[in-house]
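# Structural description and commentary
Listed here are the chains, written in short residue letters.
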Amino acid sequence: MKKLLIILTAINLLVVSSVYAQKPKNYNAAEIQLSLQKLKVLGNVLYVAAHPDDENTRLITYLANEIKVNTAYFSFTRGDGGQNLIGPEMREDLGVIRTQELLAARRIDHGQQFFSRAVDFGYSKHPDETFKTWNKEKILGDLVWIIRKFRPDVIITRFNTVAGTTHGHHTASAILAEEAFDIAGDKSKYTEQLMYVDVWQPKALYWNTYWWRKSDFQKDTSELLSIDVGKYNALKGLSYSEIAALSRSSHRSQGFGATGTRGIQKEYLQFVKGQNAEKDIFEKIDLGWNKIEGGKQIDLDIDQILSDFDPANPAGILADVLKLRKQIAHLNDDFWREKKLDEIDEIIYGITGLFIEVKAQDYTACPGESVNLEIEAINRSDAKIILKKVNFKSLGVGAGYNFELKNNVTKQIDSKITLPNSAVYSQPYWLVNEHGIGIFEVKDQQLIGKGENDPAVIVDILLIIEGEEITISKPVIYKRNDPVRGEVYRPFVIAPPVYSNITERVVIFANHATQEVKVDVKSGKEKLEGILTLNLPKSWKIEPSSYEFQLDQKGETSSFSFMVTPPDHQETAKASAMVTIEDKEYNYSHSEINYEHIPAQLLFYKNEVKFVKLDLKRGDEKIGYIIGAGDNIPKNLKQIGYEVFIINDIEFSDKILDDFDVIILGVRALNTVDRLKFDMDKLIQFAHRGGTLILQYNTSHRLVTENFAPYPMQLSRDRITVEEAPVTIVNKSHPLMNFPNKISEKDFEGWVQERGLYFPGSWSADYEVVLSSHDPGEESLEGGLLVAKYGRGHFIYSGYSWFRELPAGIPGAFRIFVNMISIGNNPTAK
Ligand SMILES: [Zn+2]
């Protein structure tokens, strides 16, 4: 019995969290009719792939809305390693955005969403490399857990298991799906899960084939099952492809806006495992009530309700729906009883025109604080409904009432809750603990798989509807009116009382000089008094040692300066700004992600910042920088004392260019800066007259010009994805490795994300090779750093990922980059 209770709670929360901080769902007559039709279907399908946006939204839309099976997308990652086309957020923050975009997509296509703990750590060529980083055992367990919890009849993968045809994460997702299919039903596997769930054996696994890499796959569809996912749904007034396009367009950070299509649209499935089908993946799978003991009568009763349903008077079926609810409540099948009770409660909420909302006075509150709440409840039907109780389960408090909700008369209840001192902050659960590069640390088994945190506070409202007790769960939300957007909802979250942000993400000390470091302190509540310190290892000197401060209003910010003197030697340290309030220490930063297409997200990271003292010699070259796709390198070069000028919008006249010693092209400048089609030669001539021209990586396709180098050179797709891949200095005596900084293999330690990408694949003998490196088991690549003398100057092409390493404060990357800048002043290079 205990086990049953735990499962029930988990399922309930899933339902609540799907409407977290959104405008409340409306239940028009068509939605109610569709929900009644769905009540007849008892089946589940799980779609499996690697990243947010891998999923086939059309197929998911079709299965969820036409077949009306519960359809979920299991994405192994949250897309942290991808790009962001709408703002500056990267890594964990981008993962939060893409998580929310997936949840937004599922609200449109009516699917559900699950994740594993895997981190999207960037590109990998082979699934073996993916598994090495992910911890295969744990990630496989996450999929097994969701299969046991969600109980899919059918699993569909986006990718197949042939290595080398696509991203390693993609292939890994298909391999894991097949392995999970084999063991989810095995009681001897992942036994620690069995205190919460039973084992489950899905019936079949299919691969949702594709031909976008034409050469890899045969186009003969005779052996495949096909589904027309382009059908039109009159109740929605849209085809499934049109709905899918709306859903797909939620992936704004990826620039995946999609245009709807109409008409026949085929999807193909290739049988992989389990029970094969001839025509239809569900032909041997019972999706109806017949498979449940006592289900036959329920099915007939739903038919009767459907035929009695009058769109003009939805509440007309209430008595029969309540009767049906009683029958379902008596079923022995725990899984379907709870799922169908949730569905039927939503239907009752819809047909009675109920609207219940619990609004907080502000969108944050701290542990121990009191929060004023406003509960609005209204019934828009003739049904007799009594509001009996309001229960804050997680707080252990509630209040009894006896209000009748009369037809179309708003009832407002003012309420006040006090958050316990032990309340946890609403940081996304996968970001609470520090994590490695491959897997998020999530200790609570019950959290694994969830799209996002459950609402900070859930309110259970007990209603008596025509004599029947029904509990409606609602999250506490915050809403306000925006003069432009209208009604704007956002999640209510539990937050720290104070935030301290070190304003730089990485603080670089290029020499021994003392630097000013600023810390902003922001109050999370009223009347705050505390002491601020900057914590660093003893080798760093800090003045003053602390500040006492007072902030009267919530949201008030004050800025404090510390003078920091670095140690003599090269050192990388972690610094944190600590606030002490009544003996309790806080070191949380405050960041907000706020876009219109997803609910606003507040994030409370530990405010740790890297302080780097470099062992660096540099010249005083004047640098011109041409921004490409956007990178942080100009800022990083300023941090170490260079004068850097952005030269995008000025005339490329010889006179102006010759004002610089060095001109650097930002990443992908040859892909994004159209004027280089005409002006690249001016830059090459700048080198000929004695300047240094440095090019960073560009993708090999869609170059604005092929004539970007003084001597022949061809870009390739060669990359080194393993950031620890050993680097050999091929030419130890080369000036680039000696002046002004003596470079050794040690300078390639601690690099992040990758070594480099799109290296030149072939080049003329005019270039000198300096470095060599390769991914494990692959051939050496020597095109990562090529140098040529040209006229009186120098030309350097380097695909090593300086744009990642410099912002991350990697000392060796700074030392080598400075040597590239200094090559024109190097006495031995002239
Ligand atoms: Zn992908």
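Preceding block: the structure.
Summarised in this report is the structure supplied together with it. Because the structure is a prediction, the values reported are computed rather than measured. (Residues numbered from 1 in each chain as written. Predicted model: local features only at pLDDT ≥ 70, side-chain atom pairs only at ≥ 80, totals over all residues. Heavy atoms only, no water.)

Across its full length, the chain carries 17 helices and 42 strands. Relative to its length of 830 residues, the chain is compact, with a C-alpha radius of gyration of 30 Å against a globular reference of 28 Å. Along the first, second and third principal axes, the C-alpha set of the chain runs to 95 × 75 × 55 Å. Expressed as a percentage of the 830 residues in the chain, the buried residues total 56%. (Helix = DSSP H or I, 4+ residues; strand = E, 2+ residues; numbered from the N terminus. Rg over C-alpha atoms; globule rule 2.2 N^0.38 Å. Buried < 20%, exposed > 50% of the residue type's maximum accessible area, 1.4 Å probe, protein only.)

Moving on, we get to the coordination of the zinc ion. Distances from the zinc ion to its protein donors, namely His51 (ND1), Asp54 (OD) and His170 (NE2), fall within the range 2.0 to 2.1 Å. Spacing between the donor residues of the zinc ion along their common chain follows H-x2-D-x115-H. Overall, Asp54 belongs to the buried group, its relative accessible area being 10%. (Donors = N, O, S within 2.8 Å, 3.2 Å for Na, K, Ca; no water.)

With that settled, consider the pattern of salt bridges. Taken as a whole and judged by the stated rule, the model has 41 salt bridges. Salt-bridge contacts for Lys38 lead to Glu343; the nearest nitrogen and oxygen are separated by 4.0 Å. Separated by 305 residues along the polypeptide, Lys38 in helix H2 (residues 29-38) and Glu343 in helix H11 (residues 334-351) bring together distant segments of the chain. For the salt bridge of Arg480 with Asp482, the shortest nitrogen-to-oxygen distance reads 3.3 Å. A relative accessible area of 35% means that Arg480 is categorised as partly exposed. (Salt bridge = Lys/Arg side-chain N within 4 Å of Asp/Glu carboxyl O.)

Below, the discussion takes up the nonpolar core. By size, the foremost hydrophobic cluster in this structure holds 56 residues, and its most contacted members are Leu463 and Ile465. Looking at this core, the element that brings in the most residues is H11, giving eight residues. Among the nonpolar cores identified, the runner-up in size contains 51 residues, and Tyr625, Phe759, Ala808 and Ala813 belong to it. (Core = buried A, V, L, I, M, F, W, Y, C linked by side-chain atoms within 4.5 Å.)

This brings us to the packing of helix H4 (residues 91-109) against helix H8 (residues 240-248). Relative orientation of the contacting elements H4 and H8 amounts to 160 degrees, with a least axis distance of 8 Å. The orientation of H4 with respect to H8, classified from their angle, is roughly antiparallel. Handedness of the crossing formed by H4 with H8: right-handed. Residues Ala105, Arg106, Ile108 and Asp109 of H4 form the contact with H8, whose participating residues are Ile243, Leu246 and Ser247. (Axes fitted to C-alpha atoms, helices over the stretch in contact; angles between N-to-C directions. Parallel < 35°, antiparallel > 145°, perpendicular 65-115°, else oblique. Left-handed = near helix turned anticlockwise from the far one by under 90°. Contact = heavy atoms within 4.5 Å.)

Here we have four strands laid out as an open sheet, ordered E20-E22-E26-E24, and antiparallel in their pairing. The open sheet terminates on both sides in strands that have one partner only, identified here as strand E20 (498-502) and strand E24 (541-543). Between one strand and the next, the sheet's axes are offset by a mean angle of 30 degrees, whatever the strand orientation. The pairing of strand E22 (residues 515-523) with strand E26 (residues 557-565) spans eight bridges and is classified as antiparallel. Note on E26: the bridge partner recorded for Asp520 is Ser559. (Pairing = 2+ DSSP bridges.)

Before going further, it helps to examine the pairing of strand E16 (residues 458-465). For E16, the buried fraction is high: eight of the eight residues fall into the buried class. Sheet topology note: the strand E13 (residues 385-392)/E16 ladder contains six bridges and is antiparallel. Across the sheet, the residue bridging to Ile385 is Ile465, located in E16. Summarising the sheet, E16 and strand E17 (residues 468-482) pair through eight bridges and their orientation is antiparallel. Among the inter-strand pairings, Ile465 is bridged to a residue of E17, identified as Glu468. Taking the residues that link successive antiparallel strands as the turn, the E16-E17 hairpin has two residues, and the phi of Glu466 there is positive, at about 45 degrees.

Glu543 connects to Pro544 through a cis peptide bond whose omega is -15 degrees. Assignment of secondary structure puts Pro544 in the loop between E24 and strand E25 (547-551). Along the chain, Phe739 connects to Pro740 via a cis peptide bond; the corresponding omega equals -10 degrees. Among the secondary structure elements, Pro740 is positioned in the loop between strand E37 (727-729) and strand E38 (756-763). If you check the backbone angles, Tyr758 has positive phi at about 50 degrees while not being a glycine. Relative to the elements of secondary structure, Tyr758 occurs in strand E38. Tyr758 gets classed as buried once you look at its relative accessible area, which sits at 10%.

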